[in-house]
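Report on the structure
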Amino acid sequence: MLITFIIYLVVMLLIGGVATLRARSRDDFILAGRQLGPFAAALSASATSMSGWLFMGLPGKVLQVGLSAAWIAVGCILGDYANWRLTCARLRKQSDKLSALTLPEFITGCRQDRLAKLTRLLAGLAIVVFMTIYLCAQLVATGKTLSGPLGLGDYAIDYRTAVLIGASVIILYTSLGGFVAVVWTDVIQSLIMCLALIGLPIYCVFLVISQGNGAEIWTQPTLDDPNVAMGSLWGAPGSGMGVMMAMSIFVMLIDKFGVGAGYLGQPQIASRFMALRDERDSKIARRIGVSWTAITALGAVTVALCAPLLISELPDDPEQILLVMTREHFPGWLSGVVIAALMAAVMSSADSFLMSAVSSIQQDFPGPLRAAARSPWVTRAIIIALGVAATWYTLSIDPNDESNSVLNLAQQGWAGLSIALAVPVLYCLGTERSRTGVVLLTMLLGIGMMILWQLTGLSNHVYEVIPCLAAQTLVCFLAHRWPGTPSEPPEEADPRRCRAMAESPSLSGGIGSPVS
């Protein structure tokens, strides 16, 4: 097991080193020169979106509430399709026209007035903050994986050491080659994840059927409520029939589909769209990406449904159900493959979060900080600082507290990114005369509503993404039509500065080095 895991880590670091030689410009470092093929873009976007929660958070939720948690997987498939369909081709074309390298640049049309600069700064801050929260979820998943039931075979390590190992590897290869390294590793990691979530479900279903327990998959009790069968699609919608039950089911679907709706506006996914070599590749990439999402999400649900029938004792932490099942049924080397697949899910997302946060600092923060961030050593220092901050926070929280579970932390970061950017991005894609003030108002409304949703405890009942996006969409529509300052069409914006910022630095001497 340990040898398998070490081989995986070495390969990831070698890819980062080779990718360093390919990053020659700012455009290369942030968007790989906009030369990604549909296969690489699709697998990288998919692996980035499906983080450690795919192997830990989603199976744990299924174990707790039953098949009703599968609506999260259905929502992810629909949300992934909608994201590719609504944004990919248009974002690739329009961002290239403006020479925008980040979403904050795009939603402000690369304008340079005070309001646009303020909007870009707030959007950049949102990316840095919520990406760091999401990174913490991946580090918690790393700690649970390497110190959990499987560990590293005969070499037991504690939770803190496991977190430090994972953080060190992620920070190291992300700082080496930028976006190129991230995409290359994502492609390999997505294939490992897909292989694991095709093989594991098939093996589990075969074992359950061969033992004659096929029917029990649907009738076994859930962990949270023994009176609810694992096969219930609607969970425990309450007593009675009619309107109350329908309302309960409706609220449950709004909650579960929120993760899928959150695909819109995710900067780490949007960067893959912007990096496509041609917007016409979006159709092929969409088919590959959505198929990958469907296979892996439904595979994780299937494993979680079968696992309780295949293990001797349920774990105290539901998110470790897949690890416990692997320990009891697979030999050491194959368990190492599962560990590698889970770590692939973690690292493919974590490196992208760091990359998105650093890119935003380099492009969207105030001038002096932005200029300093383009020094190769300052860039690496920022990556290290963000990684250290996320690691420190991860080590300061109790991973056994349900509020600090992989799923909950991931949902917090995921919600913040989508609520801050989804409606502004769709607004700018959908109109030729966008207003920066409308973008700023929509962003502030969404973040403020999300904070209130959390403070009032509503997030314990309904995931905040869909309610916030709905309110933002309404306000955005009304504000755009409200009489006032004339809208500024994209052709009146000044993309020259964005283009200059993209082309002027050379990376021949390292990440972000100035022109020699």
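If you're wondering where the values come from, they're calculated on a predicted model, not measured in any experiment.

Our focus in this paragraph is the overall build of the protein chain. From N to C terminus, the protein chain includes 20 helices and zero strands. Sorting the 516 residues of the protein chain into buried and exposed places 61% on the buried side. A separation of at least 24 residues holds for 82% of the contacts in the protein chain among residues at least 6 apart in sequence. By element, 66% of the accessible surface of the protein chain is carried by carbon and sulfur atoms, the whole surface being about 19,900 Å².

At a minimum axis distance of 9 Å, the contact between helix α3 (residues 38-49) and helix α11 (residues 267-275) shows a crossing angle of 175°. Between α3 and α11, the angle is such that the two are roughly antiparallel. Packed against α3, whose contacting residues are Ala41, Ser44, Ala45, Thr48 and Ser49, the element α11 presents Gln268, Ile269 and Arg272 at the interface. Looking at side-chain class alone, the contact of α3 with α11 contains three nonpolar, four polar and one charged residues.

By the element assignment, Leu195 lies in helix α8 (residues 159-210). Exposure remark for Leu195: the relative accessible area of 59% places this residue in the exposed category. Counting along the chain gives 100 residues from Leu195 to Ile295, while the straight-line C-alpha distance between them is 9.8 Å.

This next bit is on the nonpolar core. Of all hydrophobic cores here, the largest spans 149 residues; its most connected members are Trp53 and Phe55. Considering each element in turn, this core owes the most residues, 17 residues, to α8.

All right, on to the layout of surface pockets then. Empty pockets left among the atoms are what a rolling probe the size of a water molecule brings to light. Of the volumes computed, that of the largest pocket is approximately 1,200 Å³. Contributing to the lining of the largest pocket are 44 residues, with Lys61, Asp255, Glu402, Asn408 and Asn460 lying nearest its centre. At the level of secondary structure, the elements contributing two or more residues to the lining of the largest pocket comprise α4 (57-65), α10 (243-261) and α17 (406-430). Ranked by residue count, the leading element in the lining of the largest pocket is α10, at six residues. Considered class by class, the residues forming the lining of the largest pocket number 14 nonpolar, 18 polar and twelve charged.

Here the focus is the packing of aromatic side chains. One pass over the structure, following the stated rule, counts five aromatic pairs. Here Trp71 and Phe257 contribute two aromatic rings whose centre-to-centre distance is 5.9 Å and whose plane-to-plane angle is 75°, an arrangement assigned as edge-to-face. Within this pair, whereas Trp71 is found in helix α5 (residues 70-98), its partner Phe257 is found in helix α10, the two being separated by 186 residues in sequence. Here Trp84 and Phe273 contribute two aromatic rings whose centre-to-centre distance is 4.6 Å and whose plane-to-plane angle is 50°, an arrangement assigned as tilted. Pair noted here: Trp84 is in helix α5 and Phe273 is in helix α11, with a separation of 189 residues, a long-range link. Summarising the burial analysis for this pair, Trp84 and Phe273 share the class buried. One aromatic cluster in this structure is built from Tyr134, Tyr263, Phe353 and Trp414.

One can describe the packing of α5 onto α17 by two numbers: an axis separation of 10 Å at closest approach and a directional angle of 65°. Taken together, the axis directions place α5 and α17 in an arrangement best described as roughly perpendicular. In this structure, the crossing between α5 and α17 has a hand that is left-handed. Along the contact surface, α5 presents Leu86, Thr87, Arg90, Leu91 and Gln94, while α17 presents Leu426, Cys428, Leu429 and Gly430.

Let us now look at the pattern of salt bridges. As enumerated under the stated definition, the model contains nine salt bridges in all. Note that Arg327 is salt-bridged to Glu328, the shortest N-O span being 4.0 Å. The class for Glu328 is partly exposed, based on a relative accessible area of 32%.

Averaged over all residues, the pLDDT of the protein chain equals 82, while 82% of them reach at least 70. The low-confidence segment residues 499-516 (pLDDT under 50) makes 47 contacts with residues lying over four places distant or belonging to another chain.

Turning next to α4. Of all nine residues making up α4, eight are buried, and the element is well covered by its neighbours. Gly57, Leu58, Pro59, Gly60, Val62, Leu63, Gln64 and Val65 are the residues of α4 that are buried. Contacts from the buried residues of α4 go to α5, α12 (282-306), α13 (321-329) and α17. Among the residues trailing α4, Gly66 stands out with phi positive, at a value near 90°.

Okay, a nonpolar patch on the surface next. A cluster of nonpolar side chains, Ile3, Ile7, Val11 and Ile188, forms an exposed patch at the surface whose accessible area comes to about 340 Å². Ranked by residues supplied to the nonpolar patch, first place goes to helix α1 (residues 2-20) with three residues. Counting through the fold element by element, Ile3 comes out in helix α1.

Our focus in this paragraph is the environment of Ala470. For Ala470, the position within the fold is in helix α19 (residues 465-481). A relative accessible area of 46% places Ala470 in the partly exposed class. Separated by 47 residues in the primary sequence, Ala470 and Val423 have C-alpha atoms spaced 9.1 Å apart.

Our next topic: a negative patch on the surface. The grouping of Asp224, Asp398, Asp401 and Glu402 at the surface amounts to a negative patch. Relative to the helices and strands, Asp401 resides in the loop between α16 (376-396) and α17. With relative accessibility at 36%, the residue Asp401 sits in the partly exposed group.

Of all nine residues that make up α11, nine are buried, and the element is covered over most of its length. Every buried residue of α11 is listed here: Pro267, Gln268, Ile269, Ala270, Ser271, Arg272, Phe273, Met274 and Ala275.

Attention now moves to the state of the cysteines. Per the stated rule, a full pass over the model turns up zero disulfides. With no disulfide of its own, Cys306 lies 5.5 Å from the sulfur of Cys204, the closest cysteine sulfur.

Rules used throughout
- As a convention, each chain's residues are numbered from 1 in the sequence order in which they are written.
- Reporting in this predicted model follows two pLDDT cut-offs: at least 70 for local features of residues, and 80 or more for side-chain atom pairs to be given and counted; totals over whole chains, interfaces and linings ignore these cut-offs and use all residues.
- To obtain the side-chain values, all non-hydrogen atoms of the structure were used and water was disregarded.
- Strands here mean DSSP runs of E at least two residues long; helices mean DSSP runs of H or I at least four residues long; both are numbered from the N terminus.
- Whether a residue is buried, partly exposed or exposed follows from its accessible area with a 1.4 Å probe, protein chains only, as a fraction of its type maximum: under 20%, in between, or over 50%, in that order.
- Whether two residues are in contact is decided by their heavy atoms, any of which lying within 4.5 Å being enough.
- Note on areas: these come from Shrake-Rupley sampling with a 1.4 Å probe, and a residue is covered only by the protein chains present in the view.
- Interaxial angle, 0 to 180 degrees, is taken between N-to-C directions of lines fitted to C-alpha atoms, where a helix line uses only the stretch in contact.
- These descriptions rest on fixed angle ranges, namely under 35 degrees for roughly parallel, over 145 for roughly antiparallel, 65 to 115 for roughly perpendicular, and the rest for oblique.
- Amino acids outside the nonpolar list (Ala, Val, Leu, Ile, Met, Phe, Trp, Tyr, Cys, Pro) and the charged list (Asp, Glu, Lys, Arg) are all regarded as polar, and Gly is one of them.
- Nine residue types can take part in a nonpolar core, namely buried Ala, Val, Leu, Ile, Met, Phe, Trp, Tyr and Cys, and a core is a set of them joined through side-chain atoms within 4.5 Å.
- Here a cavity denotes grid points, spaced 1 Å and computed from the protein atoms alone, that fit a 1.4 Å probe unable to get out, and a pocket denotes an open set having protein on both sides within 12 Å along at least 5 of 7 lines; residues with an atom within 4 Å of a point are the lining.
- Grid points are joined across faces, edges and corners, and a volume is the space filled by probe spheres set on the points.
- When two rings of Phe, Tyr or Trp (its six-membered ring) have centres within 6.5 Å they constitute a pair, described as stacked for plane angles under 30 degrees, edge-to-face for angles over 60, and tilted for the intermediate range.
- In this scheme, a crossing is called left-handed if the near helix is turned counterclockwise away from the far one by less than a right angle; it is called right-handed if the turn is clockwise.
- Any carboxyl oxygen of Asp or Glu that lies within 4 Å of a side-chain nitrogen of Lys or Arg is treated as forming a salt bridge with it.
- Per residue, pLDDT captures the predictor's confidence, and it can take any value from 0 to 100.
- To count toward a patch, a residue needs a relative accessible area over 30% and no salt bridge; like charges are then connected within 9 Å, while nonpolar side chains (Val, Leu, Ile, Met, Phe, Trp, Tyr) are connected within 5 Å.
- Residues scored as positive are Lys and Arg, those scored as negative are Asp and Glu, and His as well as the terminal groups of each chain are ignored.
- Every charge is mapped to an atom, namely NZ of Lys, CZ of Arg, CG of Asp or CD of Glu.
- Note on disulfides: each one is a pair of cysteine sulfur atoms within 2.5 Å.

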